[in-house]
Amino acid sequence: MKKSDLKQAFDAILPTEEQKNKMLINILSQSNITKADFGVTRKFKRIAAGFIIAVLAAGTVFAMNSFLNTPPKTTEGDLAKDSNLSPRDDGREDMVAPITDQFKIGEKNYLLLSGDYRKSANLPEQIADSDIGEKIATINSSADKTLDGCDVYYYKPAGCQAIVAVKQGNEYRLFKFLSFDSYNNNQDEDAAEYLELYGIKRASDISRIQFIVYDEQSKLSGVLNVKAELTDNLNIAKFYDFYSPLKNSSDKYFDRLFNFNDNAASGIQATDSIIDGGPDHQGFGGSTPGTPGRAANALADSVTIRIFNRTGIYFDTIYYPNIGFISRYEIPKEFAEFLALYIK
């Protein structure tokens, strides 16, 4: 196994926002660090450092699972190119499985489209030549080196660049937007960047908006718990007018997590049940003022907001009502009041 194999494996692991927040909750709930341990200028650096460690830890688990359980994808051609690779017949692994089906265009990362997303977005099973639009780019930065040099095309049924078609040999394959580099570096793009990526330039480009809660019942039944859905033009326009101007406020987001007890300064009032670590929040640690347990409570009661464009392509963002953030965007009081009408 070469250093480059390990580096490629770690570099290609891009957790989703929900996965990152679960890791952050674990850090906050299990840490013994208290508010007094942090200087004002050092606080965010400590949080970010701990968060990066969590992501790397997740990467280690992923890589080791691949190392132990996944057969190496080698061919005679691979063996000829790299004398360090050799076939094994004893059923064991001696290398990290290669990362496949991921690439970058500029600051955007893409992953092979899953069958589940294809179905939920009502995308056709077959890719017709007539569905292929103009060329967007040529891949030159990929975790999967077999994709380097492949051309990326606009996929007409998607109506946006969140879903693209990659020509590999004589075959087209669909890839979906995964993340911006800025998000993976603990910052983010403004909300308008996400909307534009999904072909949403005005309120009329949105077909519907769902508010989804992932509770135990929905997990057991395998059915989405959609608390509410906006389909009328008036309320979609209201949502768009609130959401589209939101700016990246990642620094304030991380700071808010470690100052959850000080929400009064921002006009956000936490309920007693949350502050006191009520029955719905016991899994997130203690409730001593200023402790990581309370910061973890800040991320509790989250609601996924799913925004659909006119072609049925959608993206998810997470609303944290306890701290007044959607993803890493701080929202105004008026927006929170609007959301409260649908999230009960």
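In what follows, the accompanying structure is described. Quantities reported herein were computed from a predicted structural model and do not represent experimental measurements.

## Some remarks on the pattern of salt bridges
Considering all chains together, one arrives at ten salt bridges under this definition. For Lys135, the salt bridge identified is with Asp151, shortest N-O distance 3.3 Å. Of this pair, Lys135 sits in strand β3 (residues 132-138) while Asp151 sits in strand β5 (residues 151-155); the two residues are 16 residues apart in sequence, bridging distant segments of the chain. A relative accessible area of 22% means that Asp151 is categorised as partly exposed. Close ionic contact of Asp205 with Arg202 constitutes a salt bridge, the shortest N to O distance being 3.5 Å. Beyond isolated ion pairs, a larger network of salt bridges with shared partners links Lys252, Arg256 and Glu330.

## Overview of the environment of Tyr198
Residue placement: Tyr198 occurs in the loop between α7 (191-197) and β8 (206-213). Sequence separation of Tyr198 and Ile307 is 109 residues, and the distance between their C-alpha atoms is 9.3 Å.

## Quick notes on the packing of aromatic side chains
This model, assessed by the stated rule, comprises 21 aromatic pairs. A ring pair is formed by Tyr117 and Tyr314, whose centres lie 4.6 Å apart and whose planes are at 35°; its orientation type is tilted. With a gap of 197 residues between them, Tyr117 in helix α5 (residues 115-120) and Tyr314 in strand β11 (residues 314-320) connect regions that are remote in the sequence. With respect to class, Tyr117 is no different from Tyr314; both count as buried. Aromatic pair Phe177 and Tyr194: ring centres 6.3 Å apart, planes at 80°, arrangement edge-to-face.

Analysis parameters
- Residues numbered from 1 in each chain as written.
- Predicted model: local features only at pLDDT ≥ 70, side-chain atom pairs only at ≥ 80, totals over all residues.
- Heavy atoms only, no water.
- Salt bridge = Lys/Arg side-chain N within 4 Å of Asp/Glu carboxyl O.
- Helix = DSSP H or I, 4+ residues; strand = E, 2+ residues; numbered from the N terminus.
- Buried < 20%, exposed > 50% of the residue type's maximum accessible area, 1.4 Å probe, protein only.
- Phe/Tyr/Trp six-rings, centres within 6.5 Å; stacked < 30°, edge-to-face > 60°.

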